[in-house]
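Breakdown of the fold
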Amino acid sequence: MDFNVKKLASDAGVFFTRAVQFTEEKLGQAEKTELDPHLENLITRADGTKNWTEKILRQTEVLLQPNPIDHTGARIEEFIYDKLDKKLPSKATNAELLGQYMLEAANEFGPGTPYGSTLITVGEYQKRLGGAEREFLHTSATTFLTPLRNFLEGDWRTISKERRLLENRRLDLDICKARLKKAKNAEAKGAAAPDFQETRPRNYVLSASASALLSEEVDKAEHELRVAQTEFDRQAEVTRLLLEGISSTHLNHLRCLQDFAEAQATYYAQCHHYMQDLQRELNRCANSAGAHIPSAAVCPNPVSSAFLSGLTSPGAPVSCSSSQRPSTLAMEQTQLPITGTRKAKVLYDYEAHDASELSLLADEFITVYTVPGMDPDWLIGERGNEKGKVPVTYLELLS
């Protein structure tokens, strides 16, 4: 092993000197060269950019990959494939796996059975949701995570390296200042000391030689100070230019953030669209099977309208048990005694499925009431001369 003892000793000496300098500065026993206020502001801004970029990057990774174990495994696998210079294979998402399990279960239970056919329908849409999620993850990683990671692993490392070099140049400059100050004090003391040996020529020569040596030390210290000051100024300028580039980094991250938000909006819009289509498919299947299968076997009991009032999608009916009943509400039943008339605002468009129902338009106002024995998830709606059943989840009842 090539073991350089001299270099090791030199590094140890520099480390000890730096430690002494930092200690004296903290205790106020040594002068410290202050940086330009503009440079100090740039350093503070850069530190904030680095810290918040790290936090945003970590939290975005957690958002896109919630499971820490899967996240760690994914990063290790990504690292291995990157080192092997190979493309990371595309993995199925959890929704895609769920959809695949549903399709396999449908084949076992029988695709022609009500449960099997519903499993196929839901499974297909789960696979679509998984595909949209996979596309969103890929887009987010490319347009948002990668630029943030490149800044931390590339630009910031360069900035940190130059800042450490600037700090070393500052410490060297302070050492030169202290050395010059010490040399000048020694020269001043030597010049002010009384020479009692002037009567002796030999001692006088020695005194003149010492004064010249002290003057030479001062000149040497001044030269070293000028060199250190030049190196410090040059490094400060390099660091300043790099730190001013943080503004360009902010602009780049701004564009990446906009791309991420757009990808997120596209993903959620796709999910909303798929879920609306799924609800329509389930409702259509339930309506077609209602004449042959009891409603309890076709569609589960409707969720409470209080819970769904703010979650139901436009054009997607929620309650299905009442629509499966073999006996429909005849229009003449609306002449039964009412149990309270109220005004209601329509939240979403609704298309009537038969003559007993009333079609609705979003944001219109209608009069509603109930009749004895009526399904609690439905009301009688009245608009002018038109009457019919309307789902409660599509209405906002007014006082």
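Being a predicted model, the structure only gives us computed values, none of them experimental. (Residues numbered from 1 in each chain as written. Predicted model: local features only at pLDDT ≥ 70, side-chain atom pairs only at ≥ 80, totals over all residues. Heavy atoms only, no water.)

**Topic: the environment of Gln264**
Relative to the helices and strands, Gln264 resides in helix α7 (residues 246-289). With residues up to four places along the chain from it excluded, the contact list for Gln264 reads Leu63 and Phe136. (Helix = DSSP H or I, 4+ residues; strand = E, 2+ residues; numbered from the N terminus. Contact = heavy atoms within 4.5 Å.)

**Quick notes on the sheet that holds strand β1 (residues 342-346)**
The strand order across the open sheet built from five strands is β4-β3-β2-β1-β5, with neighbouring strands paired in antiparallel fashion. Of all strands in the sheet, those with a lone pairing partner are β4 (386-391) and β5 (395-397), marking the two edges. Strand-to-strand twist across the sheet, computed as the mean angle between neighbouring axes with direction ignored, equals 40 degrees. Pairing of strand β2 (residues 365-369) with strand β3 (residues 378-383) involves three bridges; the strand directions are antiparallel. Within β3, the position partnered with Val368 by the bridge is Gly381. (Pairing = 2+ DSSP bridges. Axes fitted to C-alpha atoms, helices over the stretch in contact; angles between N-to-C directions.)

**Section: the pairing of β2**
Among the five residues of β2, four are classified as buried, and the element is accordingly described as predominantly covered. Note that β1 and β2 share four bridges and pair antiparallel. Along β2, the bridge assignment pairs Arg342 with Val368. (Buried < 20%, exposed > 50% of the residue type's maximum accessible area, 1.4 Å probe, protein only.)

**Looking at the nonpolar core**
Among soluble globular proteins, nonpolar side chains are generally buried collectively. In terms of nonpolar packing, the biggest core is built from 42 residues, with Leu35, Leu39, Phe136, Phe144, Leu166 and Leu243 touching the most fellow members. Within the residue set of this core, elements represented by two or more residues are α2 (37-64), α4 (94-109), α5 (114-192), α6 (201-244) and α7. Ranked by residues supplied to this core, first place goes to α5 with 18 residues. Setting aside its immediate chain neighbours within four residues, Leu243 contacts Leu39, Leu42, Ile43, Ala46 and Ile159. If you look at the next biggest cluster of nonpolar residues, it comprises 18 residues, including Leu358, Trp378, Leu379 and Tyr394. (Core = buried A, V, L, I, M, F, W, Y, C linked by side-chain atoms within 4.5 Å.)

**Regarding the environment of Ala183**
Relative to the helices and strands, Ala183 resides in helix α5. The spatial distance from the C-alpha of Ala183 to the C-alpha of Val218 is 5.3 Å, given a sequence separation of 35 residues. With residues up to four places along the chain from it excluded, the contact list for Ala183 reads Glu217 and Val218.

**Structural notes on unusual backbone geometry**
Residue Asp363 is not a glycine yet carries a positive backbone phi of 75 degrees. Along the chain, Asp363 turns up in the loop between β1 and β2. Of the residues examined, Asp363 reaches a relative accessible area of 52% and is grouped as exposed.

**Focus: the confidence of the model for the chain**
Detailed reading of predicted coordinates is not advised where the pLDDT is low. On average, the chain scores 78 in pLDDT, and the residues at 70 or more come to 69%. Confidence scores differ between elements of the chain, with helix α9 (residues 305-308) showing the lowest mean pLDDT of 36 and α2 the highest of 94. pLDDT under 50 marks residues 291-338. Its contacts with residues more than four places away, or in other chains, come to 77 contacts. (pLDDT = per-residue confidence, 0-100.)

**Quick word on the pairing of β4**
As paired elements, β3 and β4 share six bridges and run antiparallel to each other. Bridging across to β4, Trp378 finds its partner in Pro391.

**Examining the packing of aromatic side chains**
Evaluation of the coordinates by the stated rule reveals nine aromatic pairs. An angle of 20 degrees between the planes, with centres 4.8 Å apart, marks the rings of Phe144 and Phe260 as stacked. Taken together, the positions of Phe144 in helix α5 and Phe260 in helix α7 put the pair 116 residues apart, joining distant regions of the chain. Judged by its relative accessible area of 4%, Phe144 is buried. Considering the side-chain rings of Tyr350 and Tyr394, the 5.1 Å spacing of their centres and the 65 degrees angle between planes classify their relative orientation as edge-to-face. (Phe/Tyr/Trp six-rings, centres within 6.5 Å; stacked < 30°, edge-to-face > 60°.)

**Topic: α2**
Given a rise of 1.5 Å per residue, 28 residues ought to cover 40 Å, and the 40 Å separating the end C-alpha atoms of α2 matches this to within 8%. Those residues of α2 not exposed but buried are Leu39, Leu42, Ile43, Ala46, Thr49, Thr53, Leu57, Thr60, Glu61 and Leu64. Its side-chain oxygen at 2.9 Å from the backbone nitrogen of His38, Asp36 defines the N-terminal cap of α2. (Expected span 1.5 Å × (residues − 1). Polar contact = N/O pair within 3.5 Å; in protein donor to acceptor, adjacent residues only side chain to side chain.)

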